[in-house]
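Chain by chain, the residues:
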Amino acid sequence: MSLSTLQEIVARGEKIAMLTCYDATFAKLMQHAGVDILLVGDSLGMVLQGAENTLNVSMHHMTYHTKSVAAGAPNTVIMADMPLGSYEHDNEAAYKNALWLIKSGAQIVKIEGGGERVNTARYLVEHGIPVCAHLGFTPQSVNQLGGYKIQGKTEASAQKIMSDAKAMSDVGVSFVLLEMVPAILAKHITETINVPTIGIGAGVDCCGQVLVIQDLLGIYTGVADKNPADHKNPRFVKNFLKDTHSIQQAVENYVHAVKNKSFPASENCY
Ligand code: KIV
């Protein structure tokens, strides 16, 4: 599997199944289940470290987990998140940090945001680093966005996401990831830009889907000091383990559901 194989998958109309992954055991299991992209997401700050958000994840955390995933899945494309503070301020630092992730085993890095981040993406792409642009709800900006909220609901905000997606496509990113945006907007973006879209809470018309593995298994119940009973999953989360007793089977069922377009269903969309 390589980035160009993924472009071929999209070109023949097949959906891309992506999952977050943080260690070698799950990486091996996911590779065997046919997951197309393993995302070493900075969501590890929440699901592994028990934090309330992703803001304190460091480059050391990201490279440690990227190496672990690469060891378990040598034949699967690995995307690694650039954590908050590792890419925003100067392009040279962004390049060095992206290269560190690539040397740790990632084939592509993910950065959050549009606007000024378009220049960051352009710089990385021009220097040979494949990039995925994460738009819509961007967890590293949770405080500026006022919490975990759907983006692109107003005309102005939908237009901003669309123009950021176009600008990112124009500078040569490999994917645009859309999080928590109305399905109709994600469909429009997917039909308009020249690169594949991957959705999480963005409807079935994206070229691929991603979920956090702990959400797929129904085992994430919020931060450590909160009562699990008080945890409410976002609507795009689906527990694939509840109909089977095997984690391997649950992951395979997710891949199958993405490929045959039964996930996300309308109740998982905005
Ligand atoms: O960090 C992460 O897991 C992500 C996904 C939510 C897309 O960015």
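Because the structure is a prediction, the values reported are computed rather than measured.

Criteria and cut-off values
- Residues numbered from 1 in each chain as written.
- Predicted model: local features only at pLDDT ≥ 70, side-chain atom pairs only at ≥ 80, totals over all residues.
- Heavy atoms only, no water.
- 1 Å grid on protein atoms, 1.4 Å probe; cavity = no way out; pocket = protein on both sides within 12 Å on 5 of 7 lines; lining within 4 Å.
- Points joined across faces, edges and corners; volume = space filled by probe spheres on them.
- Helix = DSSP H or I, 4+ residues; strand = E, 2+ residues; numbered from the N terminus.
- Nonpolar A, V, L, I, M, F, W, Y, C, P; charged D, E, K, R; others polar.
- Axes fitted to C-alpha atoms, helices over the stretch in contact; angles between N-to-C directions.
- Parallel < 35°, antiparallel > 145°, perpendicular 65-115°, else oblique.
- Left-handed = near helix turned anticlockwise from the far one by under 90°.
- Contact = heavy atoms within 4.5 Å.
- Pairing = 2+ DSSP bridges.
- Expected span 1.5 Å × (residues − 1).
- Buried < 20%, exposed > 50% of the residue type's maximum accessible area, 1.4 Å probe, protein only.
- Arc of directions from axis to C-beta.
- Phe/Tyr/Trp six-rings, centres within 6.5 Å; stacked < 30°, edge-to-face > 60°.

Digging into empty space enclosed by the protein
Stage number 1. Applying the stated rule across the entire model yields one cavity of 30 Å³ or more.
Stage number 2. Computed from the structure, the largest cavity encloses a volume of approximately 40 Å³.
Stage number 3. When residues of the lining of the largest cavity are traced back to their parent elements, those giving at least two are β7 (197–200) and β8 (208–211).
Stage number 4. For the lining of the largest cavity, the element with the most residues is β8, which contributes three residues.
Stage number 5. Partitioning the lining of the largest cavity into residue classes produces seven nonpolar, four polar and no charged.

Points about the packing of helix α2 (residues 24–33) against helix α4 (residues 59–72)
Stage number 1. It is the contact of α2 with α4, at a shortest axis distance of 7 Å, that shows an interaxial angle of 40°. Regarding the angle of α2 to α4, the classification is oblique. Seen from above, α2 lies across α4 with right-handed handedness. In this structure, α2 contributes Ala24, Ala27 and Lys28 to the contact, and α4 contributes Ser68, Val69 and Gly72.

Some details on the sheet that holds strand β5 (residues 131–136)
Stage number 1. Pairing is parallel in the closed barrel, where eight strands are placed in the order β1-β2-β3-β4-β5-β6-β7-β8. Geometrically, the sheet is characterised by an average inter-axis angle of 25° between neighbouring strands, direction not taken into account.

Focus on helix α7 (residues 155–170)
Stage number 1. The end-to-end C-alpha distance of α7, which contains 16 residues, comes to 22 Å, matching closely the 22 Å that a straight helix rising 1.5 Å per residue would cover.
Stage number 2. Buried residues of α7: Ala158, Ile161, Met162, Asp164, Ala165, Met168 and Ser169, and no others. When α7 is viewed along its axis, its buried side chains cluster within an angular range of 160° and face the same direction. Turned more than 90 degrees off the buried face of α7, the exposed positions are Glu155, Ala156 and Asp170.
Stage number 3. Summarising the contacts, the buried residues of α7 are in contact with α6 (117–126), β5, β6 (175–179) and α8 (183–192).

Describing the packing of aromatic side chains
Stage number 1. This structure, assessed with the given rule, holds four aromatic pairs.
Stage number 2. Between Phe137 and Tyr148, the aromatic rings sit 5.2 Å apart at their centres with planes inclined by 45°, giving tilted as the arrangement. In this pair, Phe137 sits in the loop between β5 and α7 while Tyr148 sits in the loop between β5 and α7, placing the two residues 11 residues apart along the sequence.
Stage number 3. For Phe137, a relative accessible area of 1% gives the class buried.
Stage number 4. On the basis of relative accessible area, Tyr148 is assigned to the partly exposed category, the value being 45%.
Stage number 5. Plain terms: the ring middles of Phe240 and Phe263 are 5.4 Å apart, the flat faces sit at 80° to each other, and that makes the pair edge-to-face.

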